[in-house]
Amino acid sequence: MQDSLREHSWPVLCSVLLHGALAAVVVLMTMRSISHSPMNVQPIPINAVVVDSQVLHAAQREQMERAAEEAQRARAAAEAQAQAAAQATAEAHAAEEATAAAAKAAEDAKVAEAAKAAEQVKAAEQAKAAERVKAEVETKAAADRAAAEARRELEARLAAEAKQAAEAKQAAEAKQAAEAKAAEAKRAADTRARLEREAELRRQLAEEEHVSAVEASPLRDRYVASLRSRIQGAWIKPPSARVGVDCLVEVTQVPGGVVTSARVTQCNGDAAVRQSIENAVYRASPLPDPPDPALFQRNFAFRFKPDE
């Protein structure tokens, strides 16, 4: 309001001064017309020398009536001027009131505009505050979700690590138990192997002693004689054979006396003699069983001398 008054102060002041001057002029003219004495009516010269008194009185009354009419007209003009001045003053006052009302309306419009702008600013600030609160809530919710996810991941990782540690411990215990069992089995196997080796060694010693004893006995000579007799009995003498055939024959047999290989390594006969001796060994298969199993030899050699 004060800004509006300051803005329109000069136009208002000028309007007030103008209306004041007009009112002053009207008042002065009215006062002057009222205070002005009635005009002196100059008597009309009469040519007559002698005038009747009644005529004179009539003329005086007529002059007085005209003077009264003039005064009446002057008062009416003064009143009209006063009314015009009052109307001008009223119009000036109305103009001032209109100007003040316009200024007030403009001020009210400015106030309303300012209030509207303030409301808009307030609404914008409230909207921003709401958006900020919403963003903070969403940020907090996102942070809570991230924290929950991180907590779940941590719990899952800890559970996985605990499970892995338990599995590793179980595996280590199983490995330790397996190693202990393997070590125990190895010790048992080593003990069995040692005992078996000792038993085998004792058996071999006993067998060697038995073989030595058997070989030193007449049973070996009889067994070799039976082999030689069997093979020589199966020999078909070739035409090229001479007297005094002497050949060394190597024989391979399996239990039961079945011959699997026969080869003449040294011989004083020709190829036919050699072949005939090898054929005789195959024909003599299966060879006689030894009188004692200790005398059985898978590979043995003997001298083939059919003339002895």
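Up top you'll find the structure we're talking about.
Rules used in this analysis
- Per-chain numbering applies: the sequence of each chain, read as written, is numbered from 1 onward.
- The predicted nature of this model means local features are confined to residues of pLDDT at least 70 and side-chain atom pairs, given and counted, to a pLDDT of 80 or more, with totals for whole chains, interfaces and linings taken over all residues.
- Neither water nor hydrogens contribute to the side-chain values; these are computed over all heavy atoms in the structure.
- Secondary structure counts use DSSP, requiring at least four H or I residues in a row for a helix and at least two E residues in a row for a strand, with both numbered from the N terminus.
- What makes a nonpolar core is a set of buried Ala, Val, Leu, Ile, Met, Phe, Trp, Tyr and Cys residues whose side-chain atoms join them at distances within 4.5 Å.
- Partly exposed describes any residue whose relative accessible area lies between the buried limit of under 20% and the exposed limit of over 50%, with all areas from a 1.4 Å probe on protein chains only and scaled to the type maximum.
- To estimate how far a helix should reach, multiply one less than its number of residues by 1.5 Å.
- Along the arc lie the directions from the helix axis toward the C-beta atoms.
- In this description, contact between two residues means that some pair of their heavy atoms is separated by no more than 4.5 Å.
- Ring pairs are drawn from Phe, Tyr and Trp, using the six-membered ring of Trp, whenever the two centres fall within 6.5 Å, and their geometry is named by plane angle: stacked under 30 degrees, edge-to-face over 60, tilted for the rest.
- Strand pairing is assigned whenever DSSP detects at least two bridges linking the two strands.
- Helix axes use the C-alpha atoms of the stretch in contact, all axes being lines fitted to C-alpha atoms, and the angles between their N-to-C directions lie in the range 0 to 180 degrees.
- When a carboxyl oxygen of Asp or Glu lies within 4 Å of a side-chain nitrogen of Lys or Arg, that pair is called a salt bridge.

Caption draft 1: Inspection of unusual backbone geometry at higher detail. Here Ser-285 and Pro-286 are connected by a cis peptide whose omega angle stands at 0°. Relative to the helices and strands, Pro-286 is located in the loop between α5 (271-284) and β3 (299-304).

Caption draft 2: Looking closely at the nonpolar core. One finds Ile-231, Val-249, Val-251, Ile-277, Leu-287 and Phe-304 to be the most contacted residues of the largest nonpolar core, which totals 24 residues. At the level of secondary structure, the elements contributing two or more residues to this core comprise α4 (218-233), β1 (247-253), β2 (259-267), α5 and β3. With 5 residues, the top contributor of residues to this core is α5.

Caption draft 3: Here's a closer look at α4. The end-to-end C-alpha distance of α4 is 22 Å, a good match for the 22 Å that 16 residues give at a rise of 1.5 Å each. Within α4, the full set of buried residues consists of Tyr-223, Leu-227, Ile-231 and Gln-232. Relative to the axis of α4, the buried residues are bounded by an arc of 160° and lie together on one face. Facing away from the buried side of α4 by more than 90 degrees, the exposed set consists of Pro-218, Asp-221, Arg-222 and Gly-233. Where α4 is buried, its residues meet β1, α5 and β3.

Caption draft 4: Summary view of the packing of aromatic side chains. Counted under the stated rule, the structure contains 2 aromatic pairs. A ring pair is formed by Trp-235 and Phe-304, whose centres lie 5.3 Å apart and whose planes are at 80°; its orientation type is edge-to-face. Taken together, the positions of Trp-235 in the loop between α4 and β1 and Phe-304 in strand β3 put the pair 69 residues apart, joining distant regions of the chain. You'll find Trp-235 and Phe-304 in the same group, each marked buried.

Caption draft 5: Quick look at the pairing of β2. Pairing analysis gives 7 bridges linking β1 to β2, with the strands arranged antiparallel. Bridging across to β2, Gln-253 finds its partner in Val-259. Taken together, β1 and the strand that follows it, β2, pair antiparallel across an intervening segment of 5 residues, in which Gly-256 is found at a positive phi of about 105°.

Caption draft 6: Region of the structure containing the sheet that holds β1. Spatial ordering of the open sheet is given by β2-β1-β3, a layout of 3 strands whose pairing is antiparallel. Each of the sheet's edge strands pairs with one partner strand only, and the pair in question is β2 and β3. On average, each strand axis in the sheet is inclined to that of its neighbour by 20°, with strand direction left out of account. Packed onto the sheet, α4 meets β1 and β3 and runs at close to 65° relative to β3.

Caption draft 7: Just α5, in detail. The end-to-end C-alpha distance of α5, which contains 14 residues, comes to 20 Å, matching closely the 20 Å that a straight helix rising 1.5 Å per residue would cover. Of the positions making up α5, those classed as buried are Val-273, Ser-276, Ile-277, Glu-278, Ala-280, Val-281 and Ala-284. The inward-facing, buried residues of α5 abut α4, β1, β2 and β3.

Caption draft 8: Quick peek at the pattern of salt bridges. The full count for this structure, using the stated rule, is 12 salt bridges. Note that Glu-200 is salt-bridged to Arg-203, the shortest N-O span being 2.0 Å. One end of the pair is Glu-200 and the other is Arg-203, both in helix α3 (residues 53-215) and 3 residues apart, which spans about a single turn. In this structure Glu-200 comes out as partly exposed when scored by relative accessible area, which is 30%. Between Arg-263 and Glu-250 there is a salt bridge, with its nearest N and O atoms 3.1 Å apart. Highlighted residues: Arg-263 in strand β2 and Glu-250 in strand β1, separated in sequence by 13 residues. Judged by relative accessible area, which is 47%, Arg-263 ranks as partly exposed.

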